[in-house]
Amino acid sequence: MHLWLRRIPSLVFCAGLALPGVGSAQETASDTLLTVDHYLDWEQVSDPQLSPDGSQVVYTRRWVNKIDDKWESALWVMGADGSHHRFLVKGSDARWSADGARILYLAEGEPKGTQIFVRWMDAEGASSQVTRVTETPSDARWAPDGKAIAFAMLVPDSTPWSISLPKAPEGAKWTPAPRVVDDLHYRQDKVGFMQQGFTHLFLVPADGGTARALTSGRWNVGARFDGLALGAGYDWAPDGRTIVFDGLRDTTWDRQYQVSRLYALDVASGAIKPLVSRAGFWAAPAVSPDGRTVAFAGSDSSGQTHRTADLWTVGIDGSGMRNVSHSFDRDPTDLHWAPDGRGVYFSAGDRGSINVRYADLSGAVRDVTQGAQVVSLTSLARTLVGVGVRSDPEHSPDVVRIDLRRSQAPTRLTDVNGDVLANKRLAHVEEVWYASSGGARVQGWIVKPPALDATKKYPLILEIHGGPFAMYNVAFSYMFQNFAANGYVVLYTNPRGSTGYGDAFSNGIDHNYPGPDYDDLMAGVDAAIGKGYVDTTRMYVSGCSGGGVLSSWVIGHTNRFAAAAVRCPVINWISMAGQSDIPLFTFSFFRQPFWDKPDEWLAHSSLMYAGRVTTPTLLMTGELDRRTPIPQTEEFYTALKMRNVPTVMLRFNGEYHGTGSKPSNFMRTQLYMMSWFQKHKRGAVEPATGAGNR
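Procedures and definitions
Every chain is numbered independently, its residues counted from 1 as its sequence is written. Local features in this predicted model are restricted to residues of pLDDT 70 or higher, and side-chain atom pairs are both shown and tallied only at a pLDDT of 80 or more, whereas totals for entire chains, interfaces and linings draw on every residue. Neither water nor hydrogens contribute to the side-chain values; these are computed over all heavy atoms in the structure. Angles here are taken between N-to-C directions and fall from 0 to 180 degrees, while the axes themselves are lines fitted to C-alpha atoms, restricted in helices to the stretch in contact. Each helix is a run of DSSP H or I of at least 4 residues and each strand a run of E of at least 2, with the numbering of both proceeding from the N terminus. Crossing chirality is assigned from the near helix's rotation relative to the far helix, an anticlockwise turn below a right angle marking it left-handed and a clockwise turn marking it right-handed. We call two residues in contact whenever any of their non-hydrogen atoms come within 4.5 Å of each other. Think of a 1 Å grid over just the protein atoms. A cavity is a set of points where a 1.4 Å probe fits yet cannot get out, a pocket is an open set with protein on both sides within 12 Å along at least five of seven lines, and lining residues have an atom within 4 Å of a point. Grid points are joined across faces, edges and corners, and a volume is the space filled by probe spheres set on the points. Residue polarity is assigned by list, with Asp, Glu, Lys and Arg as charged and Ala, Val, Leu, Ile, Met, Phe, Trp, Tyr, Cys and Pro as nonpolar; anything else, Gly included, falls into the polar class. The predictor attaches a confidence to each residue, and that confidence, scored 0 to 100, is pLDDT. The buried label goes to any residue with under 20% of its type's maximum accessible area, the exposed label to any with over 50%, and the partly exposed label to all in between, with areas taken from a 1.4 Å probe on protein chains only. Strand pairing is assigned whenever DSSP identifies at least 2 bridges connecting the two strands.

### Observations regarding the packing of helix α2 (residues 478–485) against helix α10 (residues 663–678)
Then, in step 1: Two elements in contact, α2 and α10, have axes separated by 11 Å at closest approach and are oriented at 35°. As for how α2 packs across α10, the hand of that crossing is right-handed. Across the interface between the two elements, Tyr-478, Met-479, Asn-482 and Phe-483 of α2 pack against Phe-666, Thr-669, Gln-670 and Met-674 of α10.

### Some thoughts on the layout of surface pockets
Then, in step 1: By volume, the second largest pocket amounts to about 350 Å³.
Then, in step 2: Surrounding the second largest pocket, 23 residues form its lining, Ser-353, Gly-371, Ala-372, Glu-431 and Val-474 being those nearest its centre.
Then, in step 3: Listed by contribution, the elements that provide at least two residues to the lining of the second largest pocket are β25 (343–350), β26 (353–360), β33 (428–435) and β34 (441–448).
Then, in step 4: Across the lining of the second largest pocket, the residue classes break down as 8 nonpolar, 8 polar and 7 charged.

### A short note on the confidence of the model for the protein chain
Then, in step 1: Averaged over all residues, the pLDDT of the protein chain equals 93, while 95% of them reach at least 70.
Then, in step 2: Within the model, the stretch residues 1–25 combines pLDDT values under 50 with 112 contacts to residues more than four positions away or in other chains.

### Thoughts on the pairing of strand β17 (residues 242–248)
Walk down a regular strand and you will see the side chains alternate between the two sheet faces.
Then, in step 1: Counting buried residues in β17 gives 7 out of 7 residues, a clear majority hidden from the surface.
Then, in step 2: In β17, alternate side chains face the same way, and those of Thr-242, Val-244, Asp-246 and Leu-248 on one face and Ile-243, Phe-245 and Gly-247 on the other are all buried.
Then, in step 3: Of the strand pairs in this sheet, strand β15 (residues 220–221) and β17 are connected by 2 bridges, and their pairing is antiparallel. Paired with Asn-220 across the bridge in β17 is Leu-248.
Then, in step 4: Both strand β16 (residues 234–236) and β17 contribute to a ladder of 3 bridges, which runs antiparallel. Pairing of Asp-235 across the sheet is with Val-244, part of β17.

### Topic: the sheet that holds strand β21 (residues 293–300)
Then, in step 1: As summarised here, the arrangement of the 4 strands in space is β20-β21-β22-β23, forming an open sheet in which the pairing is antiparallel. Either end of the sheet is taken by a strand with one partner, and the two such strands are β20 (280–287) and β23 (322–323).
Then, in step 2: Sheet topology places strand β22 (residues 310–315) next to β23; 2 bridges connect them, and they run antiparallel. Within β23, the residue paired with Thr-313 across the bridge is Arg-322.

Written out as structure tokens, the structure is:
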């Protein structure tokens, strides 16, 4: 589960950009380098959807609202060749009806909040609000005949606690009653306190009307990772009589970790039968064109902290469950049946790239796209043409068309940041492989300043990804490019624990985190130093979330870095278990609970190594963080202050997990770190530490 992530900064002279003075957090405006001010004009694309006949594409486009400091979203539409590109309507999450005559989408409506709308895709372009619900609908999907729309929504449900409190006098202003909490999972990052209730499926007429519940009870539709409400995976059978969905039809859901099932729902009667009930985490069902088979992703339950998912199929009657991609050993996403029903297209990460693959039902997996790129497949038309989003180190994400009948590069349909990147000199990104402890072979990338002179020395930033079960990839990174423009060399790597390298590699930190991943990071720094252009007196380490875990761990195990920027960290696993919105995930890293085996929990907690830290440390966390809550940062801050280590804590207003969801805070993150790193330089010559200095 990719739960934590992020990136970070740099400095030195390069043509066209003056080096700020020590202690300054200012960049000089530049027309040829990517500075933070250009971020205000940055745009994003997502979720392109191809019309059933393959003639049009509708997608979500986001841009920065500079006044209200937030991202705005709207739907844009164009021909499948990129022509007639235009704004369509404010909203997101568009889906085409089977006949291509309409789209559904989510937008602000009445009652106030998100509602489902339908727009006719003719010249008149009439739009109608379809739902008038008081909770937020999500994951809206057309019924095959286009007469109704299914969606997921919370059904409030709470257990009142009545006490015999005396009646308040008229006009009294008594303190509100306390929040009653009796579930293990009662808060969620980017949500805050969760409203008590259960997620269920609903059906509403496509012409508008009253939504009726398709499922009910004290259980949740939607496969949940550690109790988090992350949407629902479901699909209609072609005849419109059955919906296959993931979830856990069990009142013990609150204590279940990485457990979900697949079910088949009879739409007319509401009858539900298990489709896949063996122990495991099964999700994202997709029904074949003939309605006989369901493809899905998942893995059997195990005692491992992490499992790589496989692509599976099962009959819609629950028979013949098969592992289709067992030998592939990579996580499948974006599942789409081939129109002839002979196989499934999907995306999968592999060694820093994400490409589209095809698995036939015999189990053979082949590449559809190839190369050092990140490509998704979000929609597939009857014509065997698909659309998705593509990026690489020098190209920001854009909508692309993928002809699945031919082995050729995706065709770019948009260029939303062409105006920003025009005439910009971008950093070159070099792939590196290196050896680490235990014979591990590790992949990383070095981002070089645009005007790098290999005979000179440059400061280095080691940026560590979160997760820890995640993968740095080769998509365009504004953050890395911006700091390279300021003269830094940026090193990012995929140490053990990373996905995209197979189950054995990701489980290299199983019940041992942090562990050998530290070795991999230090070996990566040594490999970068070996290039000859790194100034070892100006090396910095940074990371957020899982990267905060490891950056705080690094400075407790080596003094080779001149400064650190530790963002949204976990530094005390025992207190983290009671503070986080993912308590079961936290407990999964240890074989026994802390009340039985506290020494193991403490041995992997950065706080226990605070007595070794001498590295000047900048701590940065969102005030609203529920994933790695700010008390984690506060504990580390106090410990370092008690030891007189140069330390500053930045508490980001309006931020949940991470420090850059708001445009102004993204820019602040860049500039604060630049300023912090510019202040610090090691006086001693850097010794070669190798991989095992723990």
